[in-house]
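Examining the three-dimensional arrangement
Residue strings, one per chain:
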Amino acid sequence: ASFGQVHGAKLQNGKTVIVKILRPGIETKAQVDFLIIDLLAINADMLFKIEALSWREFAAEFKEWTKKEFDYRIEAENGERFYRNHIDNENIFIPRIYHELTTRKILVEEYVDGIQLNQLLTGLKDGRLDDDKLKKMNIDLKKVARTLIWELQKQFFFHEFYHADPHPGNIILLRNGKIALIDFGIVGAESLPNKRYFVKWAKATGNFDFKEASFWAAQFAGDEMKIMVRSALPATAGEKAIDELIRLLADHFSDVAQEIVTENFGNLRTLKKDYTTLLLQ
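Residues numbered from 1 in each chain as written. Predicted model: local features only at pLDDT ≥ 70, side-chain atom pairs only at ≥ 80, totals over all residues. Heavy atoms only, no water.

1. A word on a nonpolar patch on the surface
Side chains of L35, L39, I42, M46, L47 and F48 sit close together on the surface and give an oily, nonpolar patch of about 670 Å² of accessible area. Along the polypeptide, L35 turns up in helix α1 (residues 26-47). (Patch = residues over 30% accessible without salt bridge, like charges linked within 9 Å, V, L, I, M, F, W, Y side chains within 5 Å. Areas by Shrake-Rupley, 256 points an atom, 1.4 Å probe, with all protein chains shown as cover. Salt bridge = Lys/Arg side-chain N within 4 Å of Asp/Glu carboxyl O. Helix = DSSP H or I, 4+ residues; strand = E, 2+ residues; numbered from the N terminus.)

2. A look at the sheet that holds strand β4 (residues 106-110)
Taken in spatial order, the three strands line up as β1-β2-β4 in an open sheet, and their pairing is antiparallel. Unpaired on one side and paired on the other, β1 (4-10) and β4 mark the two borders of the sheet. Going across the sheet, the axis of each strand differs from the next one's by a mean of 25°, ignoring polarity. By the bridge criterion, seven bridges tie β1 to strand β2 (residues 16-22) in an arrangement that is antiparallel. Across the sheet, the residue bridging to V6 is K20, located in β2. Taken strand by strand, helix α3 (residues 72-85) contacts β1, β2 and β4, and its axis lies near 25° from that of β4. (Pairing = 2+ DSSP bridges. Axes fitted to C-alpha atoms, helices over the stretch in contact; angles between N-to-C directions. Contact = heavy atoms within 4.5 Å.)

3. Topic: the packing of aromatic side chains
In the structure shown here, the tally under the stated rule is 12 aromatic pairs. Relative to F198, the ring of F156 has its centre 5.3 Å away and its plane inclined at 45°; by these criteria the two rings are tilted. Of this pair, F156 sits in helix α6 (residues 141-159) while F198 sits in helix α7 (residues 195-206), and the two are 42 residues apart along the sequence. Overall, the relative accessible area of 11% leaves F156 in the buried class. Note on F208 and F265: the rings are 5.8 Å apart at their centroids and 75° apart in plane angle, and the pair reads as edge-to-face. (Phe/Tyr/Trp six-rings, centres within 6.5 Å; stacked < 30°, edge-to-face > 60°. Buried < 20%, exposed > 50% of the residue type's maximum accessible area, 1.4 Å probe, protein only.)

4. Things to note about the pattern of salt bridges
Summed over the entire model, instances satisfying the criterion amount to 15 salt bridges. Between E75 and K20 there is a salt bridge, with its nearest N and O atoms 3.2 Å apart. In this pair, E75 sits in helix α3 while K20 sits in strand β2, placing the two residues 55 residues apart along the sequence. Per residue, the accessibility class of E75 equals that of K20, and both read buried. Notably, a salt bridge pairs K63 with D38, separated by 2.9 Å at the nearest N-O pair. Taken together, the positions of K63 in helix α2 (residues 55-68) and D38 in helix α1 put the pair 25 residues apart, joining distant regions of the chain. Of the residues examined, D38 reaches a relative accessible area of 27% and is grouped as partly exposed. The network of salt bridges with common partners includes K20, E75 and D183.

5. A look at the side chain of E75
E75 sits in the buried class, given a relative accessible area of 5%. Only 3.2 Å separates the side chain of E75 from the side chain of K20, close enough to count as a polar contact. Non-local contacts of E75, meaning those with residues more than four positions away in its chain, are made with K20, L107, E109, D183, F184 and G185. (Polar contact = N/O pair within 3.5 Å; in protein donor to acceptor, adjacent residues only side chain to side chain.)

Shape descriptors only; they carry no functional weight alone.
The following block contains the structure:
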């Protein structure tokens, strides 16, 4: 529960709920952490500067999201919006929020009875679980993966409001085959004008076409990248010249990306490396 503790409870009507309570004094402790993070970010910008990423900008975004997690009323409103968006969804279950019992420091929501995805992945990694045991539990992880990808893209493209922290601890597999999403402290809610590039990137990625995927990823980066490229060309250069330079940059990047990905296929299948680590690499 990050900055809180979660406890099981029963309402007077017998309904089982979970109660998330903010840890006392956590906000004061976080202010000290924020100061340390700012100092580290300043040093990182001086000593480990990366042109595409300002460490101070990264730190500022991290602090902004963290501060929102200190007010459970924000998470409750996010959860309510997810609940309404998925109320008739055959694949996804969102727990009901009890707003009348929720305050800034206490969140009360419906209890979800299932198996957390991180528990399954840990079991597969340490050998306690295998494909046969998963079949006996009526769990098809390939189907789970396909469903999650489909539903998260639906949130992004159609709802324009999506779960921005879908790590395995926030994904619960239910006995009826549905997938429950929990913890709505971090969400995304923006309408991106260049989403069509994201679709083209996703299609190329699915086809393992690294050069095409890299090109559309560069286009998805949007105006900021085009401004940087335009600044390196004469003022008379047109859009075609800019696209050609982006294609050259994308081709170089795709060669690097292809080498990293192909070298790690085996590690991904055996869970020796996770996808987030690979993406960061």
